[in-house]
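Now for the letters of each chain:
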Amino acid sequence: MSGQGPGRGSYRRGDLRGPPQSWHLTVEALATLALILGIGVEARYLMQMLRCQSRIERGIGIASGALHELVENVVGCKGW
């Protein structure tokens, strides 16, 4: 024997035609990388949504104040 051990054959490291452990590790690494990238994309999307929500809440606050002022002026003019 050439020191490769039993059942090892002549596979090279990283060879997808190698033993099942070799390609399985490659697939697992790609899946892990895809999950990490997905987390990054989702985090960025979440931050955009939170900024948008903040702008909307500020706009609603301004509109609410203006509506309150308008109602106060109308009620004041009618003498209610």
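Everything discussed here concerns the structure shown above.
The sections below set out a description of the structure shown in this document. Keep in mind it's a predicted model, so treat the numbers as computed, not measured.

## Regarding the overall build of the protein
And then number 1: Along the protein, the regular secondary structure elements total 1 helix and 0 strands.
And then number 2: Within the protein, the proportion of its 80 residues that are buried is 4%.
And then number 3: Carbon and sulfur atoms provide 65% of the accessible area of the protein, an area that totals close to 7500 Å².

## A short note on a positive patch on the surface
And then number 1: Residues Arg 44, Arg 51, Arg 55 and Arg 58 make up a contiguous surface patch of positive charge.
And then number 2: Residue position: Arg 58 is located in helix 1 (residues 20-78).
And then number 3: A relative accessible area of 49% means that Arg 58 is categorised as partly exposed.

## Some details on a nonpolar patch on the surface
And then number 1: Judged by side-chain polarity, Leu 67, Leu 70, Val 71 and Val 74 come together as a nonpolar surface patch covering roughly 340 Å² of accessible area.
And then number 2: Relative to the helices and strands, Leu 70 resides in helix 1.

Conventions used here
- Residues numbered from 1 in each chain as written.
- Predicted model: local features only at pLDDT ≥ 70, side-chain atom pairs only at ≥ 80, totals over all residues.
- Heavy atoms only, no water.
- Helix = DSSP H or I, 4+ residues; strand = E, 2+ residues; numbered from the N terminus.
- Buried < 20%, exposed > 50% of the residue type's maximum accessible area, 1.4 Å probe, protein only.
- Areas by Shrake-Rupley, 256 points an atom, 1.4 Å probe, with all protein chains shown as cover.
- Patch = residues over 30% accessible without salt bridge, like charges linked within 9 Å, V, L, I, M, F, W, Y side chains within 5 Å.
- Salt bridge = Lys/Arg side-chain N within 4 Å of Asp/Glu carboxyl O.
- Lys, Arg positive; Asp, Glu negative; His and termini not counted.
- Charge placed at Lys NZ, Arg CZ, Asp CG, Glu CD.

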